[in-house]
Amino acid sequence: MAVDVNELKNTVKAMPIFLVIFVFFVLYTSAFTVQSGTRKLVFSAGKLTSVAGEGLHFKIPLYQTVQSVPITTLKTAEEAEAASSDLQVVQAAITINYHFDQTKLAEIYTQTHFDVEDRIIKPRIQETLKAVSAKHTAEDLIVNRATAKQEIDNILKGDLARYHIMVEDVQLTHFQFSPEFNRAIEAKQTEAQNALKAKNILERTKIESEQRIAQARGEAEAIRIQAEAIRSQGGAEYVQLKWIEKWNGEPPQVIAGQGASNFMLNLDKK
């Protein structure tokens, strides 16, 4: 069936102006677009009826409304305070990167209306730090900080997953204790360093002493060997012979002892 264009134009011209405005209003308000990284909840008469994915969609004006929900990574941070097993105050700032399970958006809305940070995440951060800190001494938390962080990570992932909140990463920052405890730890570390330094000095002294003993033993052994050689060659006469071999013909400046007298007598005889 052919459409007469002129007849259609005449029909539009004949329509009251308010009706034209109403038609354009209906067309404008019935279409909506879902952008990448988001989903939109569709409500019919105030009741959640569906979740719209990316693309162009239509709704019934005035009867249906939509609400945008992010499905990308979100971040929240909370400063928490707890006590260690030895009753030291532990303070920390914990940051969580998370996203919503996009297959459970309707359930999340029903449970929390997406007010998750104040109602769910931050209270869980406080509870988790208290639970982990109570299992460790303050010194253990300092030495094994990575282990404590992993425990916090595991607990938060498990707890928040029950609310369809998927934890991507947990960052533990500003992890600190009372000034008094920090000074005690610093003093203990200084004491340990001094003890290690003293031990190293003692070890070095012991090694040097052993080296000197070994050197003295070597020198004594060399003297013993020389003495044995001298005795085997005739003793004092052998020493005098060696002296004569090295004598330059000039009289010695100092001659002392019985050996020296005998030596001079022998020279006189010669």
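All values derive from a computational prediction rather than experimental measurement.

A. Structural detail: the packing of helix H3 (residues 105-112) against helix H4 (residues 116-133). Running from N to C, H3 and H4 cross one another at 95 degrees; their axes reach a closest spacing of 10 Å. Accordingly, the angle class assigned to the pair H3 and H4 is roughly perpendicular. The segment H3 lies against H4, with Ile108, Gln111 and Thr112 engaging Val116, Arg119 and Ile120. Here the contact of H3 with H4 is composed, by residue class, of three nonpolar, two polar and one charged.

B. Broad picture of the confidence of the model for the protein chain. Looking at the protein chain as a whole, its pLDDT mean stands at 80, while 67% of the residues score no less than 70. Here helix H9 (residues 258-269) stands out as the element of the protein chain with the lowest mean pLDDT, 50, in contrast to strand S2 (residues 38-44), whose mean of 96 is the highest.

C. View of the nonpolar core. Residues Ile96, Phe100 and Ile165 are the most contacted members of the largest nonpolar core, which totals 37 residues. Counting only elements with at least two residues in this core, the list comes to S2, strand S6 (74-83), strand S7 (89-100), H3, H4, helix H5 (138-143), helix H6 (145-161) and strand S8 (165-177).

D. Region of interest: the packing of aromatic side chains. On inspection of all chains with the given rule, the structure shows five aromatic pairs. Where Phe100 meets Phe114, the ring centres are 5.1 Å apart and the plane angle is 80 degrees; that geometry is what we call edge-to-face. Remark: Phe114 occurs in the loop between H3 and H4 and Phe100 occurs in strand S7; sequence separation between them is 14 residues. Classification of Phe114 by relative accessible area gives buried; the value is 16%.

Reading guide: rules and limits
- Residues numbered from 1 in each chain as written.
- Predicted model: local features only at pLDDT ≥ 70, side-chain atom pairs only at ≥ 80, totals over all residues.
- Heavy atoms only, no water.
- Axes fitted to C-alpha atoms, helices over the stretch in contact; angles between N-to-C directions.
- Helix = DSSP H or I, 4+ residues; strand = E, 2+ residues; numbered from the N terminus.
- Parallel < 35°, antiparallel > 145°, perpendicular 65-115°, else oblique.
- Contact = heavy atoms within 4.5 Å.
- Nonpolar A, V, L, I, M, F, W, Y, C, P; charged D, E, K, R; others polar.
- pLDDT = per-residue confidence, 0-100.
- Core = buried A, V, L, I, M, F, W, Y, C linked by side-chain atoms within 4.5 Å.
- Buried < 20%, exposed > 50% of the residue type's maximum accessible area, 1.4 Å probe, protein only.
- Phe/Tyr/Trp six-rings, centres within 6.5 Å; stacked < 30°, edge-to-face > 60°.

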